[in-house]
Amino acid sequence: MTSENTNSPRAVGEASRSKKTRLPYYPGCTLKTTAKNLEDSALATAEALGIELVELPRWNCCGVVTSLTDDDLMHHVAPIRNLIRVQEMNAAGLADGETRLVTLCSMCFNTLKRSNARVRERPEDLTSLNDFMYLEEDYDGSVEVVHFLEILADLGAEEIGRRVKTPLTGLGVAPYYGCTLLRPKEIGIDDPERPTIQNDILQALGAELIDNPYKTVCCGSYQTVQDKHAVAELAHGILTHARAAGADVLTTFCPLCAFNLDNRQREIVERHPDFETIPVLYATQLMALAFGLGPESCRFDLNFVDPRPMLSSKGIMKEEAWATRQA
Amino acid sequence: MGNQTGMMERISESTRSLTTGVDTKDVEHWVMIYIMGRGYRVPADLTIMTAMEFAGYRLIRSCGCRQGFCGACATIFRREGEYKLESALACQTRVEDGMSLVQIPFSPADAASYDIASEAYAYSVFSKHYPEVARCVSCNTCTKACPQDLEVMDYVQSAIKGDFGGLTEQSFDCIQCGLCAIRCPAEIVQYNVAQLGRRMYGRYGSPEPAHLKARIAEIEEGKFDEALDRLAGASTEELEKLYAASERESDG
Amino acid sequence: MPELKYVDGYPEYMRESIEVVNRTRGKRKDFVPDAMTAEEREEVLKVHPDYAPGGKRELALGPNAGDPVPGPVADLLEAYPLIDGKEIDLARADLEVDVMVVGGGLAGTAAALCAHDSGVAKDKILLVNKLRHGDCNSIMAEGGTQAADRPFDSPDRHFLDTIGGGHYANKPDVLRALVEDAPTIMHWLEELGAVFDKEDNGDYVENWGGGTTARRMHSCRDYTGLEEFRVLRDEFRARGIPKLEHSPAIELTTDGSGRVTGAVLYNLETGEYRVVGSKVVILATGGFGRLHIRGFPTTNHYGATADGLVLASRAGAKLRDADTVQYHPTGAAYPVQIVGFLLTEKLRGAGAQPVNREGEAFVFPLEPRDVEASSLIRECYVRDNGITTPSGLRGVWLDTPLIDVKNGAGYIDRQFPAMKRMYARFDIDMRKDPVLVFPTLHYQNGGVETDPDGRTNVEGLWVAGEVSGGVHGKNRLMGNSTLDTMVFGRRAGISAAQAVASAGAGERTFQHVTSYVRTLEEAGVATDRRAPMLLPEYRGKAALARMIDVL
Ligand SMILES: Cc1cc2nc3c(=O)[nH]c(=O)nc-3n(C[C@H](O)[C@H](O)[C@H](O)COP(=O)(O)OP(=O)(O)OC[C@H]3O[C@@H](n4cnc5c(N)ncnc54)[C@H](O)[C@@H]3O)c2cc1C
Ligand code: SF4
Ligand code: SF4
Ligand code: FES
C-alpha cells in the first residue's frame, strides 16, 4: 500500500530563494466564485514566497466529497481526470517535471487525495477508470496531491517570517481546521486530534496564537443546506469559545467551514441577540496583509463579517484603504 | 455566347439525382444499412439523411437545414461488430456498410425563463437557473457524443467556474442538437446552460463598441437625412453615376 | 467505372490540378484581377441562369398577371389549393390570437418578440412553423450582417452599394429603412447578448462583402446566423411566447372583403388541421431554394418551398422582382454528399480566390453575386476551364489556403470552423488544399411587396424577411438579408401591434380561395398541381414506385 503520507512533499525552500518554483495548482470551482478571497490572497502570498502556482489546464470539478456507496467508481472519474491533467501539463513542458499538485480548498484536497490513494491501493480500479477515459492518456499513479499549507510548512517559519513587513502584532488569531485537512488520517496533513500546522506560520506573521480545543469541532458541513439553524448552533459554539480564549479573528482554509462560521453568523445573531460577530478569514488573507501586499489581493468584500474594522483597529490595515473601497 | 439553353440543361442533368431523388439505374456502389433494425440496400455515396430518403422515408422530424447548422438530424448508430455507440449528424455523415442507426427526433429539455437584463453576471446565474450543472461527474460522455467535436465537458466545467469567456469560446459552435444531453448521466442540458452563458457573456463580458452607439446617435440627430433624401429621390441615371464614382475604402 | 484512388479526400486525377493551384499560389498572393466594367458585367450576365433563355414564364393570373417568374414558381402560383374549405369548419377557431406569425426564422422570431415588446400579451401571440423552430435559412447564414456603423462608413454609402448591386430596382423607401435601422438592430442584438467577432479593443471586426465599398460585415465566426438566431430563439423561449411546430399554414382565411383574418394549419405528423383566428398575420416563411430552379442544387433549408408567396398572392398580395433568383457563386461542387452547400462569401472577403483548372485567377473575387456566379459558369461551361468531378459535375477551385497565407496561420481555424469541419468530415483539409465550387441556388431576391413597415396591399397581412420583395431589387448583397429579416421583422411586429389595438376579430372564409380557383379555371390552366408545396420530394424513385396507401 502506498500512502501519500509516507512521501512527504519535497522542500522548495532552497530553490525558491534563487529562482521561482513552478507548481501545478488545482483551484476548484469555489475558489473561482465565492472563495475568490482565498485564491487571490494565496496566489499573491505564494508569489511573494517565490512560488508560481500554475493553474492546471482544463481542470474539472474535483468530484466533491467521495461517495460512501460500495459501487462508487464513477465518482472517481472526476478526480483522476484532474490528475491526468498534471501528466499532460508535464508532457507539454508546463510543469518542470513536477508531480506535486497543490490544492488550496481543503475539500478539493481531500477528494483528490483520497481518490489518488484509492487507485494506488486498487490497481484494478485504476484500470477500469483508465479504460473508461479512453480518450485521455492513462493515469500512472505518479501525482502527489498536496495542500498549500504543506508547502508553507516546508518552507518553514523562518523563511515566511523574512517576508513579513507588517507584523500582525496584537492580533489574537485562532486557527480552525475542521475535518477535511485531517481526516481520514491516512490522507490528513496533521494529527487529526491535535493539529498544529498553522501555528508556526501564524506566529511567524507576528500574530498572537490562540490555540483552543474547538479547532477541530465539526462546522456542520453540508448540513448547512438542510438545516442552517443547526449549523448556526455549532458555529456559535466554535466562535464563542474562540472569542472567550482571546481570539480577535479565526482562520481556516476551507470554503465550506468559512461559509458556516462566517455567513451563518447572520442566523446566530437572530437566535442570540447578545452574540458579538467575529471575523473569519483565510489564513492567506492575513499573510498577504503581513507581507504588505495590500488589501487588493484579499477581496475582503467576500467575507461576510467584514474584518476591516478589526484589522484597522489593530493598526494592521489603514482605515482609508477599506473606506475608499467601500464607497 | 454558346448555346445557353443547352448549357442550363447540361448543368441540371449533372445534379439531377440531388434535386429530384436518386434513380437506381445511376447507382454503381451499394451498401447495407439498418434503419431502426430493418435492412436497406442504399447507394454508397449518400449521407445517412439522403439514404433514408432513398429508402422511402419522407422526413418530417430529424431534418432541417440539411447542411450541419440546425441540429435537427441527431442520429446514433453502431458499426457492425463494434460496442461503441456513435453519434452523428445525418446530413453530414456518409453511410457505411453494416451501420445500424436510429434518429433522435426530439430531446426533451426544459429551458429556463430569465431576463438577462436583470441577471447577475456571476456563477450564481447558473445555480439559479440550471442548478443541476453542479452534478457533473466529469465523465466526458457529452464530449464523446458531440458531433461538432466540442469539448462539452470543458464548457460545462467553465460554467461551474463562472468562466463566461471560456464557456463562450468552447461552446460557440454548438448547434443544439441535444446529443450530449440525452447521454449525460447527470441529466444536465449542456446546450441550454451554454446558451445562457454565452448570452451573459455577450451582454456583460463583451461590451458594445463605442462607434455603434455614436452612429445610432448620429442617425437619430438626422445627420444622414439629406444624403438619404437625395439618394431616395434620385433617378436611375443619377444613381448609376454615383455608384460608378463611389470609391472603395482602402484596404489598409 | 473503376474504383478511384483517393488522396486526402480527392481522387488522384483531381489532385493533378490541385498541384497546379498549390504551385501558383505564391504568384497569385498579391495579384487580384480587376473588377469588371459595366459592359463586361453585362456580357457575362448572359450566362446567368436568370438571363439564359428558357427559365421563366409569364403569370396567367393573379395580382401579377403578365409578370415573368421562374417556371417552378409559376407552377406553384398557378396551382390548386390543398384544401377547398368545404371539409373544414372555418367558423370554429381552435385558437384566437391577436398576432399570428407564420414562419419562425429570424424575421418571424423578431416580429413575435417586437410585437410582445410593443404591448401584445404573450398569449395573444402565436408563432407557427412548418418544421422545428430552427429549421430555417436564418440559422445557416454564415458570412455576416451589414450595418454601416464605422466612422468611415455611412448609411448613404450602404444605400448606394445596395441599390447598385440591386440593379436600381430596389424600393427606395424600404431600402432607406434598412440602412437607417441597421445600427439599431446591432444594438438590439448586443442587448440580447449575441456575441460578435470583436477586436481586442472591443470594436467589431468588420469585413468586406461582395459589392460593398466599405467593410461593414459583422460576423460570428462563420456561424453568424446560428448565433443571431439562437439568441432570438432563446429570448423567445425565455419569455414563454406560444408556438406550434411541425404545423405549416396551408391557407390564409379572409373576411370576404379581402382582409386577412387567420389561417388553417396542418399537423404534419397526425394529418389533423387547425383553424387559428388572428387580427393580423405576419408572414415570414422565407424563400424558395428547394424549388431547384433551373435544376440547381441549393443552399436552402428543407422547407424553403415558396409557401408564403402562394398564400399571400392567393389572398391578393402583389409581388415584385419575383423574376430574379440569386445563385450564390460558391456552392460546394465536391464531394457529392455536400453539393450545393454554401461556402460563405466571407471566404473571398478574407482572401480566397476562384481559380481555374490551370491555376489562373480569372475574376475579381468580390463582384456582386450575379456577376461572380456568371463568371464561374462561363469558366466551366463556355471556356471549358473547369474540373469535372467523379459524379459529372463541373466546378472551379476556391483557393482557401490563400486565406491563411494572407492573414496568418490559424485564421481559418478561428474564423471558419463550420467550413473546416464540413470538409474535414469528408477528409479534406481546406487549409492545405483548395475546394471545388460551382454556383448554387441561394436566395429569393423578390417577393411580396411591402411598405417600410412590412405592410402589404392586403389588409391584415404583413410580411417580413426573404418572402418579401423590394428592398434588394433584383440582386441582394451578402449581409443584407439577415439584416433585412430583423429590420422588417421588428418593424412588422411593432406596426402590427399598433394595428391590433384598433382591430376586431374578423370572419373567416375561403372566399379568396374560391375566387382564385375560378380564375384558374377561367384562365384555362389545366393542371393537377397543388400548392403550397410544404416539402420537396427526395424519396428514391424505386421506393416511390412501389408505395401504396392502405392504412
Ligand atoms: C446557407 C445560407 C447562408 C446565408 N448566409 C447569409 C449571410 O451570411 N448573410 C445574410 O445576410 N444572409 C445570408 N443568407 C440569407 C439569409 O440567411 C436568409 O435570407 C434569411 O435568414 C431568411 O430569413 P427569414 O426569417 O425570412 O426566413 P427563414 O429563416 O428561412 O425562416 C422561414 C421559416 O418559415 C417556415 N415556413 C415556411 N413555410 C411555412 C408555412 N407554410 N407555414 C409555417 N412556416 C413556414 C420555414 O420552415 C422557416 O422556419 C444565407 C442563407 C443561406 C441559406
Ligand atoms: S456527460 Fe454530464 S456528467 Fe458527464 S461530463 Fe458531460 S456534463 Fe458532466
Ligand atoms: S454541445 Fe451538445 S447540443 Fe451542442 S452540438 Fe455538441 S452534442 Fe450537440
Ligand atoms: S439537418 Fe440541420 S444539422 Fe443536419
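Residues numbered from 1 in each chain as written. Chains lettered and ligands numbered in written order. Predicted model: local features only at pLDDT ≥ 70, side-chain atom pairs only at ≥ 80, totals over all residues. Heavy atoms only, no water.

If you tally the helices and strands in chain A, you get 16 helices and eight strands. When the 327 residues of chain A are sorted by exposure, 57% land in the buried category. For chain A, the computed accessible surface area is about 13300 Å², with 52% contributed by carbon and sulfur atoms. (Helix = DSSP H or I, 4+ residues; strand = E, 2+ residues; numbered from the N terminus. Buried < 20%, exposed > 50% of the residue type's maximum accessible area, 1.4 Å probe, protein only. Areas by Shrake-Rupley, 256 points an atom, 1.4 Å probe, with all protein chains shown as cover.)

With that settled, the discussion passes to the interface of chain B and chain C. Taken together, the contact pairs 93 residues of chain B with 121 residues of chain C. Carbon and sulfur atoms supply 55% of the area buried between chain B and chain C, which totals about 9500 Å² over both sides. On the surface where chain B and chain C come into contact, there are eleven salt bridges. Elements supplying a minimum of two residues to the side of chain B that touches chain C: α1 (4-14), α2 (16-20), α3 (48-55), α7 (164-171), α9 (190-205), α10 (210-221), α11 (225-233) and α12 (236-245) of chain B. Tallying contributions element by element places α1(B) first for the side of chain B that touches chain C, with eight residues. Taken together, the residues of the side of chain B that touches chain C break down into 42 nonpolar, 28 polar and 23 charged. (Contact = heavy atoms within 4.5 Å. Buried area = accessible area lost by both parts, 1.4 Å probe. Salt bridge = Lys/Arg side-chain N within 4 Å of Asp/Glu carboxyl O. Nonpolar A, V, L, I, M, F, W, Y, C, P; charged D, E, K, R; others polar.)

Attention now moves to the domain arrangement of chain A. All names here are of chain A. Looking at chain A, the domain boundaries give domain 1 (16-149) and domain 2 (165-322). Taking the mean C-alpha position of each, domain 1 and domain 2 sit 25 Å from one another. Each side of the interface is counted separately: domain 1 has 29 residues, and domain 2 has 26 residues. Carbon and sulfur atoms make up 76% of the surface buried where domain 1 meets domain 2, a total of about 2300 Å² over both sides. (Domains from an automatic or database assignment.)

Moving on: the packing of helix α5 (residues 155-165) of chain C against helix α6 (residues 172-192) of chain C. Residues and elements named next belong to chain C. As a packed pair, α5 and α6 sit with axes 9 Å apart at the nearest point and diverge in direction by 130°. Taken together, α5 and α6 sit at an angle that is classed as oblique. At the point where α5 passes α6, the crossing takes the right-handed sense. Packed against α5, whose contacting residues are P155, H158, F159, T162 and I163, the element α6 presents P172, L175, R176 and V179 at the interface. Residue composition of the contact of α5 with α6, by class: six nonpolar, two polar and one charged. (Axes fitted to C-alpha atoms, helices over the stretch in contact; angles between N-to-C directions. Parallel < 35°, antiparallel > 145°, perpendicular 65-115°, else oblique. Left-handed = near helix turned anticlockwise from the far one by under 90°.)

Looking now at the interface of chain A and chain B. Each partner contributes residues to the interface: chain A has 16 residues there, and chain B has 15 residues. Here chain A meets chain B over a buried area of about 1400 Å², counting both sides, of which 59% is carbon and sulfur. Connecting chain A to chain B are two salt bridges. In this structure, the salt-bridge partner of A:R58 is B:E151, at a minimum N-O distance of 3.0 Å. Along the contact surface separating chain A from chain B lie eight residue pairs in polar contact (both at pLDDT 80 or more). Per element, the largest residue contribution to the side of chain A that touches chain B is four residues, and it comes from helix α4 (residues 77-91) of chain A. (Polar contact = N/O pair within 3.5 Å; in protein donor to acceptor, adjacent residues only side chain to side chain.)

Moving on to the domain arrangement of chain B. Residue and element names in this part refer to chain B. When its domains are assigned, chain B resolves into domain 1 (2-103), domain 2 (116-205) and domain 3 (210-243). Summarising the inter-unit geometry, the C-alpha centres of domain 1 and domain 2 are found 31 Å apart. Each side of the interface is counted separately: domain 1 has eleven residues, and domain 2 has ten residues. Among the residues of domain 1 in contact with domain 2, G71, S87 and L89 are the three that bury the most area, contributing 48% of the side total. Here domain 1 is connected to domain 2 by zero salt bridges. Residue assignment for the side of domain 1 that touches domain 2 shows that the elements contributing at least two residues are β3 (74-78) and β4 (86-89).

Here the focus is the environment of C:V525. Residue and element names in this part refer to chain C. In this fold, V525 is placed in the loop between α15 (511-522) and β24 (530-531). The class for V525 is buried, based on a relative accessible area of 12%. Other than its neighbours up to four places away in sequence, V525 contacts L61, E78, Y80 and L520.

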